[in-house]
Amino acid sequence: MVTSFSGPQDGANIVAYRGDTFQRWIRITRNGVGMSFDDNTIRIQVRKGNSLILELFSAVHIFTDGDGVLKLLVSAEVMAALIPGTYDYDAQQQFTSPAIVKTLFRGTFSITDDITKIA
Amino acid sequence: MSTIIGSAESDDEIEIIISTVPFNSQIKSYWGWMSTPDMLVVPQIVVLQGTANFATGTTITANFQPANAAPMYLYMAERASEPTKTKWFANDFDFGNIGPGQTFYVLGEVGGWRVYRTTGKTQFSTTTEFRIS
């Protein structure tokens, strides 16, 4: 296990639409080879300062899709409850043995207000 | 739409691609030679040498010998509707003309295809392997 020299890579900005089912596919490769998620889990939190806006859990909102690909999925109902704005997020990788926490990437998480609301 | 960021970790190259569409398990790509640097506006000779559907992360072997009588630009094309992949990997059989992990220049889109080409003219005298990241 190597340790990042520079911390998480910034600039992985996401734009989401309030009230729409949120889906994103993220491929992470190391030297061209897909990263394995067999021995670790991924957590993602969206925050405004210290206030938690949204949290994505492994196997609930974050699914592995093979070959270093993660699929993020948040229901329309959950997205409809969010307040439009620009927030910050990062993706944290947690290993249990040995216990290592490493933040992979970060960026802004912008939520655009919708016009047609969920009935 | 996709976002690509990269970082370095202990000399390892980390690439992160965020896409609003799924990564296709099978990707169709074309590769070959082009005589001039811009296939968007300049009439030119394009020599198609191969096409295949292959899974991401797999390796294809391209034989560039038959049509490579003179140095030309190497190009590759993939469907523009698929997530952008800027890194192509070659082994050392190309005598250093394309190093491992070299970023190909994205030329633009032609008829729904995103076209990459090498930054300079090259001449291969053997087969070359490529892997899409």
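So, how was this worked out
Residues numbered from 1 in each chain as written. Chains lettered and ligands numbered in written order. Predicted model: local features only at pLDDT ≥ 70, side-chain atom pairs only at ≥ 80, totals over all residues. Heavy atoms only, no water. pLDDT = per-residue confidence, 0-100. Helix = DSSP H or I, 4+ residues; strand = E, 2+ residues; numbered from the N terminus. Contact = heavy atoms within 4.5 Å. Salt bridge = Lys/Arg side-chain N within 4 Å of Asp/Glu carboxyl O. Buried < 20%, exposed > 50% of the residue type's maximum accessible area, 1.4 Å probe, protein only. Phe/Tyr/Trp six-rings, centres within 6.5 Å; stacked < 30°, edge-to-face > 60°. 1 Å grid on protein atoms, 1.4 Å probe; cavity = no way out; pocket = protein on both sides within 12 Å on 5 of 7 lines; lining within 4 Å. Points joined across faces, edges and corners; volume = space filled by probe spheres on them. Nonpolar A, V, L, I, M, F, W, Y, C, P; charged D, E, K, R; others polar. Polar contact = N/O pair within 3.5 Å; in protein donor to acceptor, adjacent residues only side chain to side chain. Pairing = 2+ DSSP bridges. Axes fitted to C-alpha atoms, helices over the stretch in contact; angles between N-to-C directions.

Moving on: the confidence of the model for chain B. All names here are of chain B. Of all residues in chain B, 46% have pLDDT values of 70 or greater, and the mean over the chain is 67. Highest mean pLDDT in chain B belongs to strand S9 (residues 113-117) (80); lowest belongs to strand S7 (residues 88-90) (54). This model gives residues 91-96 a pLDDT under 50, and the stretch forms 10 contacts once residues within four places in sequence are excluded. Quick note on the complex model: pTM equals 0.61, ipTM equals 0.85.

All right, on to the pattern of salt bridges then. All names here are of chain A. Scanning the model with the defined rule gives 5 salt bridges over all chains in all. Among the ionic pairs, Arg18 bridges to Asp113, the shortest N-O distance being 3.9 Å. With Arg18 in the loop between strand S1 (14-17) and strand S2 (22-30) and Asp113 in the segment after strand S9 (100-112), this residue pair connects regions lying 95 residues apart in the sequence. Given a relative accessible area of 38%, Asp113 falls into the partly exposed group. A salt bridge links Asp113 to Lys117, with the nearest nitrogen and oxygen atoms 3.1 Å apart. By relative accessible area, which is 44% here, Lys117 ends up partly exposed. Taken together, the salt bridges that share partners define one network made up of Arg18, Asp113, Asp114 and Lys117.

Turning next to the environment of Ile83 of chain A. All names here are of chain A. If you trace the backbone, Ile83 turns up in the loop between helix H1 (76-80) and strand S8 (85-95). Overall, the relative accessible area of 62% leaves Ile83 in the exposed class. Each C-alpha atom of the pair Ile83 and Thr112 lies 8.8 Å from the other, and the pair is 29 residues apart in sequence.

This part is about the packing of aromatic side chains. Geometry of an aromatic ring pair is reported as the spacing of the ring centres plus the angle between the planes. Residue and element names in this part refer to chain A. All chains considered together, the criterion is met by 3 aromatic pairs over all chains. Pairing Tyr89 with Phe105 gives two aromatic rings, centres 6.3 Å apart and planes at 75°, and the pair type is edge-to-face. Residue Tyr89 is located in strand S8, and its partner Phe105 is located in strand S9; the two are separated by 16 residues in the primary sequence. Residue Tyr89 shares its accessibility class with Phe105, and that shared class is buried. Here the aromatic cluster, defined as three or more aromatic residues joined through ring pairs, consists of Phe22, Tyr89, Phe105 and Phe109.

Residues and elements named next belong to chain A. A volume near 150 Å³ is recorded for the largest pocket. Around the largest pocket, the lining residues are Arg43, Ile44, Gln45, Arg47, Gly49, Asp88, Tyr89, Asp90, Gln92 and Arg106. Of all the secondary structure elements, the ones that give two or more residues to the lining of the largest pocket are strand S4 (40-48) and S8. Tallied by class, the residues present in the lining of the largest pocket amount to 2 nonpolar, 3 polar and 5 charged.

Residue and element names in this part refer to chain A. With respect to the helices, strands and loops of the structure, Glu55 is situated in strand S5 (residues 51-56). A polar contact is formed between the side chain of Glu55 and the side chain of Arg43, at a distance of 2.8 Å. For Glu55, the side chain forms a polar contact with the side chain of Gln45, separated by 3.0 Å. Leave out the neighbours within four places in its chain, and Glu55 touches Arg43, Ile44, Gln45 and His61.

Bringing the sheet that holds S1 of chain A into the picture now. Hydrogen bonds along the backbone pair up the strands of a sheet, which may run parallel or antiparallel. All names here are of chain A. Here 5 strands make up an open sheet; going across it, the order is S1-S9-S8-S4-S5 and the pairing mixed. Edge positions in the sheet fall to S1 and S5, since each of these pairs with one other strand and no more. Pairwise comparison of adjacent strand axes, ignoring direction, gives a mean angle of 30° for this sheet.

Time to look at unusual backbone geometry. Residue and element names in this part refer to chain A. Along the chain, Ser97 connects to Pro98 via a cis peptide bond; the corresponding omega equals -5°. Looking at where Pro98 falls in the secondary structure, it is placed in the loop between S8 and S9. Despite not being glycine, Ala59 shows a phi value in the positive range, around 70°. Inspection of the secondary structure assignment puts Ala59 in the loop between S5 and strand S6 (62-64).

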